There are 2 protein chains.
Amino acid sequence: MTMREEVAARAKEVDKIIMPMMPDIIGPQKTIYEVMEYTMSAGGKRIRPLLMWETYKMFGGTSKVIEPFMAAIEMIHTYSLIHDDLPCMDNDDYRRGKKTAHVVYGEAMALLAGDALLNFAFETAAKAFNYTDHLQDAAKAMQILGQKAGVFGMIGGQVVDIEMEGKPLTMELVEFIDRKKTASLIEASMMIGAALAGAGDGEIQMMKRISRKIGMAFQIQDDILDVIGTEEELGKPVGSDAKNNKTTYVSLTGIENAQAEVKRLCEEAKQQLELFIGEDDFIMDLITYLIDRKN
Amino acid sequence: MTMREEVAARAKEVDKIIMPMMPDIIGPQKTIYEVMEYTMSAGGKRIRPLLMWETYKMFGGTSKVIEPFMAAIEMIHTYSLIHDDLPCMDNDDYRRGKKTAHVVYGEAMALLAGDALLNFAFETAAKAFNYTDHLQDAAKAMQILGQKAGVFGMIGGQVVDIEMEGKPLTMELVEFIDRKKTASLIEASMMIGAALAGAGDGEIQMMKRISRKIGMAFQIQDDILDVIGTEEELGKPVGSDAKNNKTTYVSLTGIENAQAEVKRLCEEAKQQLELFIGEDDFIMDLITYLIDRKN
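Now for a look at the structure at hand.

The rules behind these values
- Residues numbered from 1 in each chain as written.
- Chains lettered and ligands numbered in written order.
- Predicted model: local features only at pLDDT ≥ 70, side-chain atom pairs only at ≥ 80, totals over all residues.
- Heavy atoms only, no water.
- Helix = DSSP H or I, 4+ residues; strand = E, 2+ residues; numbered from the N terminus.
- Buried < 20%, exposed > 50% of the residue type's maximum accessible area, 1.4 Å probe, protein only.
- Contact = heavy atoms within 4.5 Å.
- Polar contact = N/O pair within 3.5 Å; in protein donor to acceptor, adjacent residues only side chain to side chain.
- Buried area = accessible area lost by both parts, 1.4 Å probe.
- Salt bridge = Lys/Arg side-chain N within 4 Å of Asp/Glu carboxyl O.
- Nonpolar A, V, L, I, M, F, W, Y, C, P; charged D, E, K, R; others polar.
- Least-squares fit on C-alpha atoms with pLDDT ≥ 70 in both.
- Core = buried A, V, L, I, M, F, W, Y, C linked by side-chain atoms within 4.5 Å.

**Considering the environment of B:Asn119**
Mapping B:Asn119 onto the fold places it in helix α6 (residues 107–125). Using a relative accessible area of 0% as the deciding quantity, one classes B:Asn119 as buried. Sequence-wise, B:Asn119 and B:Tyr79 are 40 residues apart; in three dimensions their C-alpha atoms are separated by 9.5 Å. Aside from chain neighbours lying at most four places away, what touches B:Asn119 is A:Leu118, A:Phe122, A:Gly146, A:Ala149, A:Gly150 and A:Ile155. Polar side-chain contacts of B:Asn119 include one of 2.9 Å to the backbone oxygen of A:Gly146.

What follows is the structure, given as structure tokens:
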């Protein structure tokens, strides 16, 4: 099995856990389920729940308490894509080779489906309290989820991204946006995995540092693929950053420096992770895959 | 002090509790704080946190654990107004006599401020775990909040409301929309107040029945005011339901029957509440105020 096939197989395991947690709506409001389901099953790589799951196991976690949070982090990631794609935001018609939610279901329903997924993420995460006697750990995980998804995390990055649209940015601001908009949810994934397994605050902070490197590398790789990738591989138009005059790590430093930075960040993350696990662990492969990916 | 002044005074006490819980944002994303603050302080009556607080005290609650949830319910109410007012939804330019968020700050920032308030509501509610040793009660409150705000609650009502726009509706569907879109958060308020004070599941269900009556009466009163109120009192254009061919309880049964229904629901709610408190309690005045209000 190639690394890509291995990650895809693990993503399927994730789906077996998280998709049954989607709401079973049979009332007059059932359309919203269709929109939520359409976007949740639109070919995401499940990077965040995978990282959360692996980190949870790495710290010795063995219970079902992790499952609602795995679903929650993917729901939050998905809602953010729906809202990002709306006409008043990035106005994107395609993602992962499929029409975006507002193109298929209209803007109002896409807006509500995003709201619904964000809300349902917390609704789902709250179910974790039924699966554990360590309520304090679940409470800590809930607080991390809120912080990393909100104004001090992902939304904070989206705000600056929108405000600075088309303007030239400093490297400092590019790093702020990348860290908030992209790395935050990846940080949340590993921090929550650790917290729910009963890791101490020191260990949770270590996971934050490691996952921030992974998150930054992930975003820079995205920017690289927007330049050197193909539309077929990405499932969306390439060259959009250049077209929109978007300042990125790549536009500031060039492709080669960006590629070197991705490599550096991933190697550092892996080295630090070796304090906790062996180098032949799946999480190491997962990180390598994140650098080598073509989409 | 008139009843209106009494409610306004209590709302100020609520504000002293909930407004300091708003995020203190000083980084590059600080614009979002301005939008969140603008809408949170746009003259809401604070009905939901007031009902939550009174119910909490009614069941003997005395700690600060209620405070994050009081803020959370008002944040969720406020985000739902921002998103409801967006051009792709109801496209309203005024609310409570002030320009709506998207008119002042643009659609993208209004969308993100709504997302931010919804997220921050859960982020804030999660802080309640730091104020109590009864983590199970806080977990129950968190689950109620998620359920009543989401696809099985408020958002479920918004979905049907949008899908059925301009179409003739049966009374059954009108009641579904009113119950989900409006009553859900009022149910959440009283149920959470009870849950955090340590009430049993039976008592929480009783609060659900009582608050549903209050919520339905509240929505029908809104529909009545849209017909007989004045723009000056309401702070927004009147007659919008008729203009938009919106089927409401009033359009189906007429003003007089609607007024009788509001009175009946409120009297029943008060009678049932008397099982728990005396008839001279503030919560009784609050319900009377909700019927008699002009805005």
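**Looking at the interface of chain A and chain B**
With 49 residues of chain A at the contact, the number on the chain B side is 49 residues. A combined buried area of about 4,300 Å² lies between chain A and chain B, and 72% of that area is made up of carbon and sulfur atoms. Here chain A is connected to chain B by 0 salt bridges. The interface formed by chain A and chain B holds 12 residue pairs in polar contact (both at pLDDT 80 or more) in total. Every element with two or more residues in the side of chain A that touches chain B is listed here: α2 (31–40), α4 (66–85), α6 (107–125), α7 (135–149), α8 (154–163) and α9 (171–196) of chain A. Per-class residue counts for the side of chain A that touches chain B are 31 nonpolar, 12 polar and 6 charged.

**Points about the relation of the copies chain A and chain B**
Rotating chain A by 180° about the axis while translating it 0.0 Å along that axis superimposes it on chain B, leaving an RMSD of 0.0 Å. Accordingly, the operation relating the two chain copies is best matched by a two-fold axis. Both copies contact each other with a shared surface, as 100% of the interface residues of chain A are interface residues in chain B too.

**Here's the deal with the nonpolar core**
By size, the foremost hydrophobic cluster in this structure holds 200 residues, and its most contacted members are A:Ile32, A:Phe69, A:Ile76, B:Ile32, B:Phe69 and B:Ile76. With residues up to four places along the chain from it excluded, the contact list for B:Phe69 reads B:Met52, B:Ala125, B:Ala128, B:Ala138, B:Ala141, B:Met142, B:Leu145, B:Ile192 and B:Leu196.

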